[in-house]
Structure formats: C-alpha cells, structure tokens
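# A look at the structure
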Amino acid sequence: MKETVKKFSDHFLWGGAFAANQVEGAYNENGKGLSTADVSPDGISHPFDMSMTKKNLYHDAIDFYHRYPEDIALFAEMGFKCLRMSIAWTRIFPEGDEDQPNEKGLQFYDKVIDELLKHDIQPIVTISHYEMPLGLVKRYGGWRDRKVISFYEKYACTIFERYKDKVKHWMTFNEINVVVHAPFTGGGLIFTEGDNQKNIIYQAAHHQFVASALAVKACHEIVKNAKIGCMLAYWPTYPLTSKPEDVWAALSMDRETMLFTDIQARGVYPSYANRYFREHGIEIQIQEDDLELLREYKVDFLGFSYYMSRTTAASTENADTTEGNLIMGGIKNPYIESSEWGWEIDPKGLRIALNILYDRYQMPLFIVENGLGATDVVEYQKGGPAVNDDYRINYLRNHIIEMKEAIADGVELMGYTSWGPIDLVSASKAEMSKRYGFIYVDKDDEGNGTLDRTRKKSFYWYQNVIKSNGEVLS
Ligand code: BG6
C-alpha cells in the first residue's frame, strides 16, 4: 500500500486568479470593443443597460492595463508559480466576427505574458471569462446562435498561435455552468417574452461544449505539450436532512452542475440528461458530428472554483435562503456560517468537492478560484497604511488544510490559484468593497481613490505558504 502523504507535490502550482475585465480597465483603448461586462453596471442580476448611462467600475477597473509591471512584481514577491488570467476577447476581436485580429490587443498580452515569464510565473489562460463581445450579442443573440462557435474557434486559434511557445495551460470557458444561473454573463443571452428560457440556455451550453471541444483539438494541434482544461463553478450540494426525499433533491441539484463536466471530462451527455430535458421542455439541436467531437476532444484537467457548498431540501417553502445561496438556488445550512455577502464558509466542503470530482472523473484537478470577499479596513500605522485581514488568512488556511487532507485521500491536485490576489471589481456586485486581495487597491465603489497598492497582512502569510510549499500555514 502507498503511504498516506499530506503534502503538496514539488511542482504544485501556487498562485492567484483574475479575469481581464475585473482588473484591466482601459475598456476602449487600442481598439478594444465593448463586452457584455462593459454594459453590465450592476453585475450579474441587472445586466441590460445597453445605453451605458450608469457608472460602470469595469471601465477603469484597477488599471492593470497600465500598471501590470508593478502588479506582477508584487505577485513575484509573494512567490507565485503561476497566474490564472484571462484574455479579453474584445481586445483581440473587438466585435467578435472580424476577419482579422486587432494587433494592438495581441501586443498588450505579449507584454503581460513576457512580464510574467520574466518573473518565472507561468501564465494560465482562460480563453473566455464572462465577457463575450457585445457585437456577438447584438447580431447573433450570444451563444444561442451556432455561428458563434466558429468566431470563438477563430479567436482561440489566434491566441494559441500567438502564445504557443509561452502558455502551456489553458482553460476554455470560465464557470461554464453559470450560464444556467446568469445567462447574460455566461452566454450573452437576453430573453424576450414567450421565450423558452431553459431551452435557449441549454442550446447555448451545447454550442459552448462544441466550441470547447474544438478548442481542445486546436490547442493540441498548435501548442506543444499543452494541457487544456474545463472550468466549473462547483458547490457540492448537501441534503438538509437525511429524509430520502431531501437526499434525492440534493443529488438532482448536483447533477445540474455535473452535467457540464460529465460532457467536458467524460465526453458524453449523461443518461440522466434525457429525463431532465424531457421534463423541462428542453429540446436542443445537436448536429451530426457534435457527439463525436465531444467524445474525442475531452479536457486534460478539471479546473473549478470553490467558494461554498450548497444545501437543499425536497420542499424549500419556508426555508431560510441566504443571499449567496439564493443565487445558486440553495437554502441556509444551519451548521455553517456565512460571509458578509451571505456566501457560506465551508472548508470541509472543499475536501468533499475534491473527492467527489476525483472519484467521478479520475483526472487531475485544479482549484482555480477560492477566497473570501470581505470589507477591509485600512489602518494608518507608523509604517504607513496596513490591512490586518486575519479573517482572510483564517479562511484560506482552513481551506488549504482540507486540500492537504484531500491529497492524502488520493486526489491528484495540480495547483491552487486563490481568487483576486489583488483587489478587483466584483463579478456579482460590480463593486470594489467586496475585496479578495492580498494587495489592497485604493478605490471605492464610486470609483474614487488613488489606485495605490498596499500589501495586506495576508500578503506575507501567503508568501510563507508558497515558500514552504504549504507546510507553514500559521
Ligand atoms: C467566480 C467568478 O464566480 O467568482 C469570478 O469566476 C468572480 O469572476 C468570483 O469574481 C467571485 O465572485 P464575486 O461576485 O464576489 O466577484
């Protein structure tokens, strides 16, 4: 029998993760087109301000576009082995359906990627993170139209060709299953009265599955020694009680999430999809070669975000729904505390998630998002401004402890990139005050501030975690 080892591998990828639109700003510089995020000033829930009359923090974000050398130097100081970043599709194809890419957009990522490599930080690139070109929404209705597959394929091939010698880890779509919960953010979908929304959502998802398989194919053809993964927002679902009906409700809810990785990691629509589709009036169009493509071009690894678990019951009437869980359709777990934003804090759930995913897919896993969104207070001490974010350290420490347990359980874990290593604009709230960073950014919800960067207490803590390869967590 192999010995049980609670240790991270020598090649473990420690780092941080962010998305282009949440950090870059410069939303209309050097030929960049408008993305869905640029017209979504209130975040996921009210995304339809096409007139762009409201203040939108994404437009300037934290100005990573101009400050990337300073920010990357700070990541290097923490000892990052990798940075999970995304490329803004609209910098490369501003409207989405052009014939030729925007050279200036590519040049920006040339510089960012070179800067990372200069510091020995591996770029891990998400091809599409929540911000498709608005042009594709206006002309094609977002991912509901099959034509968008070829635009995505062209975009993916363009960046594979450009960065094939520099980027070896890729991910096709951020949190692909979020199209079910936030159709505009995940799929550029806008509904009109009378639409069969579920049908449109799953048709759009099917187009994304095919696009993702084509990207896997192209990536392996173009980029030598590449690994390309999917990315799932995962919340393992617990039953509220041991009542069989509650257990079934939890299993069913989990399947709505798993359907996505069942397809991307196993290469087939799972058998339970038939009944689910039939009972929800979903009839999607699948073309002849699609299923073969899905089967042939499965992902190499499974990336996922983990922020919380989810709880449900057969009857959710009179149930306590916290804000965070409500987004994902869950109810309050009486045994777990929540963050200020109602996201339930459940480190053990990460061990559970890792074990469930590994048991099911038997492929390398990568935690590509995890972190605590909290209000930070800047204290002015003798040495200058300071943020004593012990709550964040606590949160991360407890999750890393469970990662070690999962490794001892036998899970193959490639790395950990905590979400928002530098404060950034929140995706669900489009505000600054929900902060995740090890680095504080002086900017408030109105967009005021110097944008100065300050190392928080957690910065030094994470530096030690990485230096000791996860041995020193105190
Ligand atoms: C994930 C997204 O869902 O959660 C990120 O991939 C997002 O883009 C992160 O920022 C945290 O969510 P929020 O709403 O707190 O920013």
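Keep in mind it's a predicted model, so treat the numbers as computed, not measured.

Along the backbone of the protein there are 15 helices and 14 strands. Overall, the C-alpha framework of the protein stretches about 65 × 55 × 50 Å when taken along its three principal axes. For the protein, buried positions account for 61% of its 474 residues. For the protein, restricting intrachain contacts to residue pairs at least 6 apart in sequence, the fraction spanning at least 24 positions comes to 75%. Total accessible area on the protein is roughly 19100 Å²; 48% of this is exposed by carbon and sulfur atoms. Measuring between centres, the 52 positive side-chain charges of the protein sit 3 Å from its 68 negative side-chain charges.

Within the largest apolar cluster, 148 residues are counted, with the highest numbers of intra-cluster contacts made by Phe 160, Trp 170, Phe 304 and Met 403. Looking at which element gives the most residues to this core, the answer is helix 8 (residues 197-222), with 15 residues. Beyond its immediate chain neighbours, meaning those up to four positions away, Trp 170 contacts Val 125, Ile 127, Ile 159, Phe 160, Tyr 163, Cys 219, Val 223, Ala 226, Lys 227, Ile 228, Gly 229 and Phe 301. Listed in part, the 9 residues of the second largest apolar core include Leu 13, Cys 82, Met 171 and Val 368.

So, on to the site of the ligand. Around the ligand lies a shell of 14 residues, among which Glu 175, Ala 427, Ser 428, Lys 434 and Tyr 436 are the nearest. One of the side-chain N or O atoms of Glu 175 is found 2.5 Å from an oxygen atom in the ligand. At a separation of 2.7 Å, an oxygen atom of the ligand approaches a polar side-chain atom of Lys 434. Taking 380 Å² as the accessible area of the ligand by itself, protein coverage stands at 95%.

This part covers unusual backbone geometry. One non-glycine residue, Ala 26, lies in the positive phi region at around 45°. With respect to the helices, strands and loops of the structure, Ala 26 is situated in the loop between helix 1 (20-23) and helix 2 (64-78). The phi dihedral of Asn 30 falls on the positive side, at around 50°, and the residue is not glycine. Among the secondary structure elements, Asn 30 is positioned in the loop between helix 1 and helix 2. Its relative accessible area of 38% is what places Asn 30 among the partly exposed residues.

Here we come to the pattern of salt bridges. Applying the stated criterion to the full structure yields 33 salt bridges. Measuring nitrogen to oxygen at the nearest pair gives 2.8 Å for the salt bridge that ties Arg 351 to Asp 409. You can see Arg 351 sitting in helix 13 (residues 347-361) and its partner Asp 409 sitting in helix 14 (residues 390-409), a full 58 residues away along the chain. On the basis of relative accessibility, which here comes to 23%, the residue Arg 351 falls in the partly exposed class. A relative accessible area of 35% places Asp 409 in the partly exposed class.

Rules behind the numbers
- Residues numbered from 1 in each chain as written.
- Predicted model: local features only at pLDDT ≥ 70, side-chain atom pairs only at ≥ 80, totals over all residues.
- Heavy atoms only, no water.
- Helix = DSSP H or I, 4+ residues; strand = E, 2+ residues; numbered from the N terminus.
- Buried < 20%, exposed > 50% of the residue type's maximum accessible area, 1.4 Å probe, protein only.
- Contact = heavy atoms within 4.5 Å.
- Areas by Shrake-Rupley, 256 points an atom, 1.4 Å probe, with all protein chains shown as cover.
- Lys, Arg positive; Asp, Glu negative; His and termini not counted.
- Charge placed at Lys NZ, Arg CZ, Asp CG, Glu CD.
- Core = buried A, V, L, I, M, F, W, Y, C linked by side-chain atoms within 4.5 Å.
- Near = heavy atom within 4 Å.
- Polar contact = N/O pair within 3.5 Å; in protein donor to acceptor, adjacent residues only side chain to side chain.
- Salt bridge = Lys/Arg side-chain N within 4 Å of Asp/Glu carboxyl O.

Distances and angles like these do not, on their own, reveal function.
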